[in-house]
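A structural walkthrough
Each chain, letter by letter, is given below.
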Amino acid sequence: MSKRRSLTEAQCVSLAQKLLRERLCHQKLPDRPLALDSQYKHLLELLRRTAVHGESNSVLIVGPRGSGKTMLLGCVLRELMSLKEAQKNVLLVELNGLLQTDDKIALKEITRQLHLENVVGDKVFGSFAENLAFLLEALKKGDKSSSRPVVFVLDEFDLFAHHKNQTLLYNLLDVSQSAQTPVAVLGLTCRLDVLELLEKRVKSRFSHRQIHLFSSLSFAQYVDAVRSQLSLPPDFPDPKFSDAWNHSSYTQSLFPLSAFTAGIFKPIHLFLSVSRVSVSHSTLHEADLLEASRLISADSKAIILHGLSILELCLIIAMKHLNDTYDGEPFNFQMVHNEFKKFIQRKSHSIHKFEKPVVMKAFEHLLQLELVRPVDSGVCKVQREYQLMRLMLEHGQVMEALQRYPQCPTDVKQWALSAFA
Amino acid sequence: MVSTPLSKWKLAAITSAPCGAYMNYAEGLMASNIPTSPQETAVDFQEMGLQDKLLRKPTNQSITRMSVTLQCPGYPEDTLRSLAERLPCRETQLATLLALMGQPDQYSYPSVFIYGHRATGKSHVVLSIMKDLELPHASVDCVECVSSGLLFHQVLSAFFGPDAAALLPRCPSLSDFVRLYKQMSSNSPATQTRYIILDRAERMRDMDFSLLPALLRLQELVNDNVTVILLSEIVWEKFRPNTGCFEPLLFHFPDYSKAELVQILSWDHHPSYTPELYASYINILLGVFFSVCRDLRELRHLAVLNFSKFCEPLEKGEAKESDIHKLWKNIEPHLQRAMQTVYLREVSSVQWEQQQMDEKEATTLRVLSAHAHIELPYYSKFLLIAAYLASFNPARTDRRFFLKSHGKIRKTNFLKKHEKTSNHLLGPKPFPLDRLMAIFYSVVDSRVAPTASIFSQISSLVTLQLLSQVGHDDQLDSPKYKCSVSLDFILAISRTVGFDVVKYLYDFL
């Protein structure tokens, strides 16, 4: 019989942090994915048919980033492997479009994951198809009656469609159509138009089965989802602490966050709030979640404008005026300098006249920050001062940045607000 | 150069470029002169620092010497305190970073993107944290990684030793790197979070297109406790790939306010003068340069270069330390000149110092910029003037300027509408050689024969990059040129030959 030690507050907090961080960052698989029951059942049925009955299948899972595609697949595969027949037979090959950027690399990876490097040895194959056929042949059982089913998971499926001739896709889907080996090809992608990327011959071999994951949670479901992600498990050593934690009220602050439902499974704001918990601040408050959402939705360009010098700010205002006067046509440094000189001569008291090279250095700093970009970023046969540029900021962003600029001289503000330069 | 203690100190200051190394040196210098000890106030950092930053209130201008007691379990207290003292004005950011990192054995968010202006201390803070708390990290500067293989090599050798890095094939792909990392980490799993720090991460956008998205989700791909920290000057919106990627946690390092700059720059005051004198010197310097440049590194460089000139009256005995006004009058024109030369890197720092020692009066400095002291032959000057006129006057106005008798030129409607855009704003236009010669003959007062010497002068002007050739080299019959010289230069040249060029320019009619 285990004696329950009473843990100190600090230990409770650190244990809670550890659990929650592992859940939020490392994305441990939950028992059942939320609000995805029908898709779960569909996928599980498909894979069961391949694993147990030997049918070949191909399916695409489509959904925006953070909607739970990998998580759904993980849960389904976990349940599949718990079936007795599947456990002994099924082979899993996981490919990622970001890592396997070429068909040769992909083929080597397939060989490695099927543990067939020794079998292949130093053989040289004429084509991709021959190689793949050899690999699948090697998986046949001794009496040549049937072969072990293979599940191919292709993460970032749309990147595979950019390979040369789409050979990998063509061959995999070809195998899934012919009756040689039971093969399941699962693609995960975030692009809705992924089928348009496929060539005609590849598209015709695909079974056109798609599973869409669009999270359409109501607000109540969203609150439940957040609560379940942030709650401590029942076997937490200190029940008082976990009670206080689980019942802390932050539901009110979730309303502005419900705009982020698409990324329910990629919880940055939950992580940020959890990271603020410490010994002195040992439960989650509403303020934490609100601060986290404010951090996430901050406009980074406006924040960067806060750190510019006065001269650079004046140049940005001059560019804004040029944009307004000439309706967004590209400008060059000479025009900006001209506007700036007009301001210095007529209206300014606080800013004294700077030499042209100093103004040029400030302009180049803006170029390096990519707040201003040249129109044709390739060959520049024109002198630096005459190269055409565009401002990458909106009118509203500039005005907002001016409001928050520390110790902005009033004549600069007046100049920015005036309609006529 | 006579090596006085002052110059030795300056040399050390200028040559030790990384902020961290210099800070250590400065600390050693002023071991006994630490300015007012920070009041240890136990302020809850969440309330003070984070609120201020997040609610975007104007930051408090007064120098607050409160050091925040960092409540971070898992790290030794005194290390944290010494770390906080070495990072002035960055206590809030340090505390937030430590909160994000959590305890060493806990998981942290897979990728963090830290952005802010240059010289705001991003690399300094992150690397100091890593080194002082002895966390396993791999620090890579993306400017050095011309190929992704170099990046993989550095990461693997930092975490698993050079033998692991040697296992990488010749031109490693991302797939090889991930596979090798998985293999190595299954042999030696991570007891603490491993950090990969990518400095100047904007260069990664030019490398393989899949490198950045893959590194952002490295924790998931290798199934290990690793966090990638990206440091950059450029905002995250410019990094995002077309089809999206795993969004990192964005963290901003705010720029230093004027008071904070004074505080930091006063750290490296010279031991033989009082800190108050140095602080007033810094205030004068910021008064000149703050509206132009807020980069800490540049300001420090300028401060160090000009301090000896500032102290000249004190050394000569003309003024006391309290005569701030006199010292200001002495140094201010000097700083203005510095803005036009050293700040622009027209003159090297060594030259600038020599200038201060040799010449006591304010004379014009010999600048590096090539155009300033070019001596051209007589006809070349006229050729250049003719080229300038050809570039910046529209061809149809040549008759009016260069013919002895011209009729009235009627301006059509089209001309009147587009007069506003001055040619000087749009840039020089190309002109054929014949037009140049025509204008040249009318501009030069004496009769000139079209000999080879005249034409060869045109070629030498092209070599000097005062003219530039437009179009292909093969066009021998009628080559086209463009004048790449500024108005000030032409005015200076025409003054030396006694020619009024403004009278002939269309934009100045």
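Coordinates for the structure precede this section.
The present account deals with the structure reproduced in this document. (Residues numbered from 1 in each chain as written. Chains lettered and ligands numbered in written order. Predicted model: local features only at pLDDT ≥ 70, side-chain atom pairs only at ≥ 80, totals over all residues. Heavy atoms only, no water.)

With respect to the interface of chain B and chain A
In this complex, chain B contributes 76 residues to the contact, which on the side of chain A involves 69 residues. Across the chain B/chain A interface, buried area totals approximately 6,300 Å², and carbon plus sulfur atoms make up 57% of it. Among the residues of chain B in contact with chain A, Tyr107, His117 and Leu425 of chain B are the three that bury the most area, contributing 10% of the side total. Where chain B packs against chain A, one counts 3 salt bridges. Linking chain B with chain A are 25 residue pairs in polar contact (both at pLDDT 80 or more). Looking at the side of chain B that touches chain A, the element that brings in the most residues is helix α3 (residues 45–55) of chain B, giving 5 residues. In terms of residue class, the side of chain B that touches chain A is built from 34 nonpolar, 24 polar and 18 charged. (Contact = heavy atoms within 4.5 Å. Buried area = accessible area lost by both parts, 1.4 Å probe. Salt bridge = Lys/Arg side-chain N within 4 Å of Asp/Glu carboxyl O. Polar contact = N/O pair within 3.5 Å; in protein donor to acceptor, adjacent residues only side chain to side chain. Helix = DSSP H or I, 4+ residues; strand = E, 2+ residues; numbered from the N terminus. Nonpolar A, V, L, I, M, F, W, Y, C, P; charged D, E, K, R; others polar.)

Looking at the sheet that holds strand β9 (residues 467–470) of chain B
All names here are of chain B. Taken together, the 3 strands give an open sheet; going across it, the order is β8-β10-β9, and neighbouring strands pair in antiparallel fashion. Only two strands of the sheet have a single partner each, and these edge strands are β8 (431–432) and β9. Two strands pair when backbone bridges link them, and β8 and strand β10 (residues 480–483) are joined in this way by 2 bridges, in the antiparallel orientation. Residue Pro432 lies in a different strand from β10, and its bridge partner there is Lys480. (Pairing = 2+ DSSP bridges.)

Concerning the packing of aromatic side chains
Residues and elements named next belong to chain B. If you walk through the whole model with that rule in mind, you get 32 aromatic pairs over all chains. For the pair Tyr281 and Phe307, a centre-to-centre distance of 5.1 Å together with 55 degrees between the ring planes defines the contact as tilted. Of this pair, Tyr281 sits in helix α13 (residues 275–289) while Phe307 sits in helix α14 (residues 296–316), and the two are 26 residues apart along the sequence. Classification of Tyr281 by relative accessible area gives buried; the value is 0%. Sitting over the face of the ring of Phe239, Arg205 holds its NZ or CZ atom 5.1 Å from the ring centroid. (Phe/Tyr/Trp six-rings, centres within 6.5 Å; stacked < 30°, edge-to-face > 60°. Buried < 20%, exposed > 50% of the residue type's maximum accessible area, 1.4 Å probe, protein only. Lys NZ or Arg CZ within 6 Å of the ring centre and 35° of its normal.)

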